[in-house]
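Chain by chain, the residues run as shown.
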Amino acid sequence: MFLLLVLLTLSVMVLPLLPALQEWLRPSDVVPLKIDESDALDPPGLARSFAALLAGALQAGATQLGGADIASVDQAVAEVGLPLSAAEITAGRSDRLWRIEGDVQLPDGTDFYVELQALADLRTAPRQVYRALWAGGIAALAPHTTVLRWAHGRVVHVATGCHLAGRVTAQQYLMLAPDVAFMLLHAPCISFEPQPAAGAARAQAEPEPCPMIRDWPTGVVWTDSVRRAFARTALQLPGHTAWAGDVVCLSHLALGEHSQAGGSLKARGDLFVDQHSSVSGSLVAEGVIELAGHCSVHGAVVSETAILIGPGCTIGTLDKPATVTAPQIRMAAGTRVHGTVWATEQGLTFEPQADVPVSVPVPVPVPVPAQGVSA
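Numbering of residues starts from 1 in each chain and follows the order in which that chain's sequence is written. Per-residue local features are limited, in this predicted model, to residues with pLDDT of at least 70; the limit for side-chain atom pairs, both in listing and counting, is 80 or more; totals at the level of whole chains, interfaces and linings are taken over all residues. Computation of side-chain values: all heavy atoms of the structure, hydrogens and water removed.

1. Looking at the overall build of the protein
Part 1 of the reasoning: Here a helix means four or more residues in a row that DSSP labels H or I, a strand means two or more in a row labelled E, and each is numbered from the N terminus. Scanning the protein for helices and strands turns up 5 helices and 32 strands.
Part 2 of the reasoning: With 375 residues in all, the protein has 45% of them scored as buried.
Part 3 of the reasoning: Whether two residues are in contact is decided by their heavy atoms, any of which lying within 4.5 Å being enough. Here the contacts in the protein between residues at least 6 apart in sequence split such that 26% fall between residues at least 24 apart.
Part 4 of the reasoning: To measure how exposed things are, a 1.4 Å probe is used in the Shrake-Rupley method; for residues, cover is taken only from the protein chains shown. Summed over all atoms, the accessible surface of the protein reaches about 18900 Å², with 59% contributed by carbon and sulfur. Type-normalised accessible area, obtained with a 1.4 Å probe on protein chains alone, sets the label of each residue: buried when under 20%, exposed when over 50%, and partly exposed for intermediate values.

Laid out in structure tokens, this is it:
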């Protein structure tokens, strides 16, 4: 009887482990699990969903949404200041969902751990924490503001020292100062300060006429039928040259200054594009992608490692938005992106004079709220 009990006990303990043991000895799952990225492909989705949920709740006469009390404030009250309770003032935090009928200047000394909506302009207080912000007009994030989930507005200004732990989206224009940590940015125009003076046109240097490449470097195979150059070893293309077609390199790939690539570039190693060069297609690399100053890329910029964009660069166009994505991204002041910038680990804006390495510093820890409507 004792041996039977021991065998039964061992069976109960071992049987659940057999599938794992079998997978360890003879692995069958050799590819990563499929992840649904549809949400990431629609950056403003969270803000749009929240606005619809809140509008529906108010229309139905609800006083709560997502477990949080709804605090509705009209413009006259908001001009005086949000009516925080004594408990909220003492605690320095609010767990209510706020809806302001007009403009609002959020108070100093109070963190907001549930969504906040202003139907007009919204201005945060410096060094405060916010779960999510929705503005019908301009959303101005004061220096050292922390956004935990998302922020959205018609126009969004992000001051220096902000920490954007989620996504920030704008319907028209998104501007970021130097020394901003971010994850996901999206707008028809994302501009990294400094900006030209008001009313001044953004200077765009006309590309110098470049001779077309006639003889590719040794080791490069050109296939005219598909208009593609292929190299198995590291490739350095000379500057002041142009070509129409793609370049694929199984090692490191570098373009000299004032190059005009009439196609896409793909490298298994690092990919470097020197200053004043243009690429009509996309840049894709397993290693680091670096663009020196005043380059333009019409397509996507995708790296499995890191991306460093120098000052004065332009990615995408208003007519053809593009995506910049890598685990780590560095964006220099003076750069402009039309579309999406997605750092899957961490992104950072910086002044081009500063000697900032591509490696990412340890992310700043931020508190995580326990409730809210949005993800």
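2. A look at the packing of aromatic side chains
Part 1 of the reasoning: Each Phe, Tyr or Trp ring (for Trp, its six-membered ring) is paired with any other whose centre lies within 6.5 Å, and the angle between the two planes then decides the class: stacked below 30 degrees, edge-to-face above 60, tilted in between. Considering all chains together, one arrives at 5 aromatic pairs under this definition.
Part 2 of the reasoning: With 5.4 Å between their ring centres and 10 degrees between their planes, W216 and W222 make a pair best called stacked.
Part 3 of the reasoning: The class for W222 is partly exposed, based on a relative accessible area of 26%.
Part 4 of the reasoning: An aromatic cluster is built from W98, F112 and Y130, whose rings are joined through pairwise contacts.

3. Let's talk about the side chain of R99
Part 1 of the reasoning: Note on placement: R99 falls in strand β4 (residues 97–100).
Part 2 of the reasoning: Whenever two N or O atoms come within 3.5 Å, that pair is a polar contact, provided that in protein one can donate a hydrogen and the other can accept it, and provided that, for residues adjacent in sequence, both atoms are side-chain atoms. At 3.3 Å, the side chain of R99 forms a polar contact with the side chain of Q117.
Part 3 of the reasoning: Among residues more than four places away in sequence, those in contact with R99 are L54, L58, A71, S72, V73, Q117 and L119.

4. Quick notes on the pairing of strand β16 (residues 228–231)
Part 1 of the reasoning: Only one face of β16 is buried, namely the one carrying A229 and A231, since none of R228 and F230 on the opposite face is buried.
Part 2 of the reasoning: The pairing criterion is simple: DSSP has to find at least two bridges between the two strands. When strand β15 (residues 220–223) meets β16, the two strands line up antiparallel, connected through 4 bridges. Following the sheet pairing, V221 is matched in β16 by F230.
Part 3 of the reasoning: Linking β15 back to β16 in an antiparallel pair, the connection comprises 4 residues, with R227 at a positive phi of about 50 degrees.
Part 4 of the reasoning: The pairing of β16 with strand β19 (residues 246–249) spans 4 bridges and is classified as parallel. Bridged to A229 within β19 is V247.

5. Some remarks on the nonpolar core
Part 1 of the reasoning: By nonpolar core we mean a set of buried residues, namely Ala, Val, Leu, Ile, Met, Phe, Trp, Tyr and Cys, connected to one another through side-chain atoms within 4.5 Å. The biggest cluster of nonpolar side chains holds 72 residues, and the ones touching the most others in it are L164, L174, L185, L253, L265, L283 and L291.
Part 2 of the reasoning: Within the second largest apolar cluster, 14 residues are counted, among which are A51, A57, A68 and W150.

6. As for the environment of I315
Part 1 of the reasoning: Tracing the backbone shows I315 in strand β30 (residues 314–315).
Part 2 of the reasoning: As for I315 and H338, which are separated by 23 residues in sequence, their C-alpha atoms are 6.2 Å apart.
Part 3 of the reasoning: Residues within four places of I315 in sequence aside, it is in contact with L291, V297, G299, V301, A322, V324, R336, V337 and H338.

7. Notes on the confidence of the model for the protein
Detailed reading of the predicted coordinates is not advisable wherever pLDDT falls low.
Part 1 of the reasoning: The pLDDT value tells you how sure the predictor is about a given residue, anywhere from 0 up to 100. The predicted model of the protein averages 86 in pLDDT, with 79% of residues at 70 or higher.
Part 2 of the reasoning: Low pLDDT, under 50, characterises residues 23–36; the stretch is placed with 3 contacts to residues that sit more than four places away or in other chains.
Part 3 of the reasoning: Across residues 195–203, confidence stays below pLDDT 50; counting only partners more than four residues off in sequence or on other chains, it has 9 contacts.

8. Things to note about the side chain of S259
Part 1 of the reasoning: Along the polypeptide, S259 turns up in the loop between β20 (253–255) and β21 (260–261).
Part 2 of the reasoning: Look at S259 and you get buried, because its relative accessible area is 0%.
Part 3 of the reasoning: Apart from residues no more than four positions distant in its own chain, S259 is found in contact with P238, G239, H240, T241, H276, S277 and S278.

9. Considerations on the environment of G269
Part 1 of the reasoning: One can find G269 in the loop between β22 (265–267) and β23 (271–273).
Part 2 of the reasoning: For the pair G269 and L250, spaced 19 residues apart in the sequence, the C-alpha separation amounts to 6.9 Å.

10. Overview of the pairing of strand β29 (residues 306–309)
Part 1 of the reasoning: The alternating pattern of β29 places A306 and L308 and I307 and I309 on opposite faces, both of which are buried.
Part 2 of the reasoning: Of the pairings in the sheet, the one linking strand β26 (residues 289–291) to β29 comprises 3 bridges and is parallel in character. Looking across to β29, one finds that L291 is bridged to I309.
Part 3 of the reasoning: Of the pairings in the sheet, the one linking β29 to strand β31 (residues 322–332) comprises 4 bridges and is parallel in character. Residue pairing across strands places I307 opposite I329, the latter belonging to β31.

11. Considering unusual backbone geometry
Part 1 of the reasoning: Backbone geometry at H144 places phi at a positive 65 degrees, although glycine is not the residue there.
Part 2 of the reasoning: Mapped onto the elements, H144 comes out in the loop between β10 (138–141) and β11 (146–158).
Part 3 of the reasoning: One non-glycine residue, H258, adopts positive backbone phi at about 60 degrees.
Part 4 of the reasoning: In this structure H258 comes out as buried when scored by relative accessible area, which is 16%.

12. Regarding the pattern of salt bridges
Part 1 of the reasoning: Salt-bridge detection follows one rule: a side-chain nitrogen of Lys or Arg within 4 Å of a carboxyl oxygen of Asp or Glu. Applying the stated criterion across every chain yields a total of 7 salt bridges.
Part 2 of the reasoning: Where D42 meets R48, a salt bridge forms, and the shortest distance between an N and an O atom there is 2.4 Å.
Part 3 of the reasoning: Residue D42 is classed as partly exposed on the basis of its relative accessible area, which comes to 28%.

13. Observations concerning helix α3 (residues 45–59)
Part 1 of the reasoning: If you check α3, its first and last C-alpha atoms are 21 Å apart, about what 15 residues at 1.5 Å a residue would give, namely 21 Å.
Part 2 of the reasoning: For α3, the set of buried residues is G45, L46, A47, F50, A51, L54 and A57.
Part 3 of the reasoning: Phi turns positive, to about 80 degrees, at G61, one or two residues after α3. Here a helix's expected span is defined as the number of its residues, less one, multiplied by 1.5 Å.

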